[in-house]
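Listed below are the residues making up each chain.
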Amino acid sequence: RGFIEAKEKKVLVQQGIKLFNLKGKKGIEMLVSSGHIERTPLSIAHFFHSNTDLDKRAVGDYMGEADELNKGVLYAYVDLMSFEDLTIDGALRKFLSGFWLPGEAQKIDRMMEKFAERFCGCTGAFANADTAYVLAYSIIMLNTDAHSPKVAKKMTKDEFLRNNRGINDGAD
């Protein structure tokens, strides 16, 4: 009896994941209504962290939405991460390993603000979260610049350093 219930639950979860990957909010609603997760930011964030079958683009799109629940999920998702003993580029890699950034600048901005706040809270590496935000955003732009075939003139190391000089309240 327990085996059958576990199998049915697994099938429901897989159906929920499949639906989430196609239509994020509908997938979450199905998982909530089936009792697999709660309609709370922390429960959904735990679900995102623990399921590798989720489409990373769908996770990023969901957390990038401006609805209160979605923003709460983003904040809980980031707060579940520890960036202690990581450099900013290592922390950024860890942060972005579970989802893809959405294409909209406002959504990216919200995500990077939360990342910077958490990174500074874990490491105390910079004078303030604004410094971590600017540097993390610069790293993302440098990565895009380096890997996009649409960018003809690539940024040099000196240009990157010059662009970020003075961002740490003059302590850099």
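Calculation notes
Residues numbered from 1 in each chain as written. Predicted model: local features only at pLDDT ≥ 70, side-chain atom pairs only at ≥ 80, totals over all residues. Heavy atoms only, no water. Phe/Tyr/Trp six-rings, centres within 6.5 Å; stacked < 30°, edge-to-face > 60°. Helix = DSSP H or I, 4+ residues; strand = E, 2+ residues; numbered from the N terminus. Buried < 20%, exposed > 50% of the residue type's maximum accessible area, 1.4 Å probe, protein only. Lys, Arg positive; Asp, Glu negative; His and termini not counted. Salt bridge = Lys/Arg side-chain N within 4 Å of Asp/Glu carboxyl O. Core = buried A, V, L, I, M, F, W, Y, C linked by side-chain atoms within 4.5 Å.

## Observations concerning the packing of aromatic side chains
Tallying each qualifying case throughout the model produces 10 aromatic pairs. On the basis of an interplanar angle of 35° and a centroid distance of 5.0 Å, the ring pair of F95 and F115 is categorised as tilted. Here F95 is found in helix α6 (residues 88-96), whereas its partner F115 is found in helix α7 (residues 105-123), with 20 residues between them in sequence. For the pair F95 and F115, one class covers both residues: buried. Of the aromatic side chains, those joined through ring pairs into one cluster are Y77, F83, F95, F99, F115, F119 and F126.

## Focus: the side chain of R110
Considering the arrangement of structural elements, one finds R110 in helix α7. The side chain of R110 is buried and forms no salt bridge, while E104, the nearest opposite charge, is found at 6.2 Å.

## Concerning unusual backbone geometry
Here the phi dihedral of D85 falls at roughly 65°; this positive angle occurs in a residue that is not glycine. Of note, D85 is situated in the loop between α5 (68-79) and α6. Note on D85: relative accessible area 82%, which makes it exposed.

## A short note on the pattern of salt bridges
Within the structure shown, the criterion is met by 9 salt bridges. The closest approach of N and O atoms between E104 and K107, which form a salt bridge, is 4.0 Å. You can call E104 partly exposed: its relative accessible area is 40%.

## Let's talk about the nonpolar core
With 41 residues, the main nonpolar core has F48, M63, F83, F95 and F115 as its most contacted residues. Contributions of two or more residues to this core are made by α1 (2-22), α2 (24-33), α3 (41-50), α4 (56-64), α5, α6, α7 and α8 (129-147). No other element matches α7, which puts 8 residues into this core.

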